[in-house]
Amino acid sequence: MRIKIKKILKSDESIVGKKVKVCGWIKTIREQKSFAFIEINDGSSLANLQAIIESSNDDFRKVLEISIGASVCLDGETVKSPGKNQKFELKIDKITIIGLSTEDYPLQKKRHSFEYLRTISHLRCRTNMGGAVTRVRNSLVYHSHKFFQDRDFLYIQTPIITASDTEGAGELFRVTTLDDLKKDPKEDFFKKATFLTVSGQLNAEAFACSMSDVYVFSPTFRAENSHTSRHLAEFWMLEPEIAFADLKDDINLASDYIKYMAKVALDENEDDLAFFDKFIEKGLIDRLKHVVDSPFEVITYTEAIKILEKSDQKFEFKVKWGSDLQSEHERYLTEKHFNKPTVVIDYPKDLKAFYMKDNEDGKTVAAMDILVPKIGEIVGGSQREDNFDLLKQKIQNKNLDLETYKWYLDLRKYGSVPHAGFGVGFERLIQFVTGIENIRDVIPFYRAAGAADF
Ligand code: 4AD
Ligand code: MG
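Summary of the structure given here.

Among the secondary structure elements, Thr342 is positioned in strand 13 (residues 342-348). Polar side-chain contacts of Thr342 include one of 2.9 Å to the backbone oxygen of Lys340. When residues no more than four places from it in sequence are discounted, the contact partners of Thr342 are Glu297, Ile299, Leu333, Thr334, Asp369, Ile370 and Leu371.

Let us now look at the sheet that holds strand 5 (residues 88-99). Taken together, five strands build a closed barrel; the order of strands is 1-2-3-5-4 and the barrel is mixed. Pairwise comparison of adjacent strand axes, ignoring direction, gives a mean angle of 55° for this sheet. Pairing of strand 1 (residues 19-31) with strand 2 (residues 35-41), which is carried by six bridges, proceeds in the antiparallel orientation. If you follow Ile26 over to strand 2, its bridge partner there is Ile40.

Before going further, it helps to spend a moment on the packing of helix 5 (residues 128-150) against helix 14 (residues 426-434). It is at 11 Å that the axes of helix 5 and helix 14 come closest, and there the two elements cross at 120°. If you check the angle between helix 5 and helix 14, you find them oblique. Every pair of crossing elements has a handedness; the one defined by helix 5 and helix 14 is right-handed. Contacts from Val133, Val136, Arg137, Leu140, Val141 and Ser144 of helix 5 reach helix 14 at Phe426, Glu427, Leu429, Ile430, Val433 and Thr434. The residue makeup of the contact of helix 5 with helix 14, split by class, is eight nonpolar, two polar and two charged.

A few words now on the packing of helix 5 against helix 8 (residues 270-279). Their axes nearest at 10 Å, the elements helix 5 and helix 8 cross at an angle of 130°. It follows that helix 5 is oblique to helix 8 by the angle criterion. Crossing of helix 5 over helix 8 shows left-handed handedness. On helix 8, the residues that touch Asn128, Met129, Ala132, Val133, Arg135 and Val136 of helix 5 are Asp272, Leu273, Phe275 and Phe276.

So, about the nonpolar core. Counting residues in each nonpolar core, the largest one holds 59 residues, and the members touching the most others are Leu140, Tyr257, Phe276, Met368 and Leu429. Residue contributions to this core peak at eleven residues, all from helix 7 (residues 247-268). The contact partners of Leu429, leaving out residues within four places of it in the chain, are Leu140, Tyr257, Ile258, Met261, Ile378 and Val424.

Across residues other than glycine, the phi torsion is negative in most instances, and most of the peptide bonds are trans. Positive phi is not limited to glycine here, since Asp152 has a value of about 65°. Assignment of secondary structure puts Asp152 in the loop between helix 5 and strand 6 (154-155). Exposure remark for Asp152: the relative accessible area of 63% places this residue in the exposed category. The phi dihedral of Asn399 is positive, around 55°, even though this residue is not glycine. Position of Asn399 among the secondary structure elements: in the loop between helix 12 (388-397) and helix 13 (406-410). Asn399 gets classed as exposed once you look at its relative accessible area, which sits at 71%.

Rules and cut-offs
Residues numbered from 1 in each chain as written. Chains lettered and ligands numbered in written order. Predicted model: local features only at pLDDT ≥ 70, side-chain atom pairs only at ≥ 80, totals over all residues. Heavy atoms only, no water. Helix = DSSP H or I, 4+ residues; strand = E, 2+ residues; numbered from the N terminus. Polar contact = N/O pair within 3.5 Å; in protein donor to acceptor, adjacent residues only side chain to side chain. Contact = heavy atoms within 4.5 Å. Pairing = 2+ DSSP bridges. Axes fitted to C-alpha atoms, helices over the stretch in contact; angles between N-to-C directions. Parallel < 35°, antiparallel > 145°, perpendicular 65-115°, else oblique. Left-handed = near helix turned anticlockwise from the far one by under 90°. Nonpolar A, V, L, I, M, F, W, Y, C, P; charged D, E, K, R; others polar. Core = buried A, V, L, I, M, F, W, Y, C linked by side-chain atoms within 4.5 Å. Buried < 20%, exposed > 50% of the residue type's maximum accessible area, 1.4 Å probe, protein only.

Structural data, given as structure tokens:
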């Protein structure tokens, strides 16, 4: 019966002498006179399985046919490895060639640049880097569900096609069947203009105001023409929404979640993190342990501005109360000033979306962004305006169409409750736990301005 390579490598001594079958792709072949070494990987672990075949074996001739990238199944016996790189190896009885590869296989045995690998997204998961990212991503998805399910949150599926611009930033992809966009949207498929969603939040609020605690985990889309290392046009967002809750509850939940994710990566992906620590960011493991162990800093936007004004760092963008924090400002605060995740709260209301609750000062809203070293903003959230009249006024102040938000206002009409929520950019979270600098390298197939291959 087939067994995954990880099972063999992580096994105890009882595996020695067992007959097993492994299937995977060839990473290296070393041929000698009397035997050959084959390294094979099936995606289950960073480490390859080393397999040996004696020249006296009938299948030895097959070693000449196969090359790097070919798929094979190997039947054999697990033995103790005399080498120091692995505990066990496979003594091959039989080789079954499944699919041959060719000489122009694009992943020869050397380290390839991230730029090159982006041109072969369909094969990049075959590299150590691509495999490690894929496994970490999988753990974080699985344990995100576990984190919320263990706390009795319900998982809600919100629509991808929507008529509302949740964030009001105008970064929408239009969805249409019209052949001419100058035509009246009333002639369009939905009899109105529709878009790909930028966030599932508004729909999630409807469920929070009935089911209490919910979360959405979904692709989101933003037509931002930014070519930065932290923006994608299609990315995954995880959005919890909690009822009978204020900004403090929101911050606590978000901080617990980020810490939990750092711990999951450390516990579940030890080998992959050791690999990132060695090749991507020296000290990554210590950095994540520090995230798990120490409380996040919480400061107001106004305090943040004061810190930035006092700093002797030269910023490209001017620091001024009322202007948005740029990535360089965010990074200064979290990397240089505090050197840990930093929660900035109470932003000026003009900088934030219409749904955020006004603070008593009349100038700021109950918003919170979590900033982390190397990336900047990783979480954006707020307490929501739960007063009908105030929310209606805010919709009108931002020149949004009242008709579109009528259903959303209903939530404040029938048993309104204080509620709050946040969105985590899932790819930014993966960057955070792997140390990988460019967001394009942590999603299986990236979509960004000017790039939607594969
Ligand atoms: O701060 P944002 O825009 O907040 C919202 O959309 C809220 N509706 C969330 C909520 O309260 N439920 O986006 C949330 C997070 C950001 O902090 C960032 O991590 C990520 O989504 N994000 C992006 N990630 C990759 N590429 C982009 N273009 C992103 N835009 C935002
Ligand atoms: Mg934001």
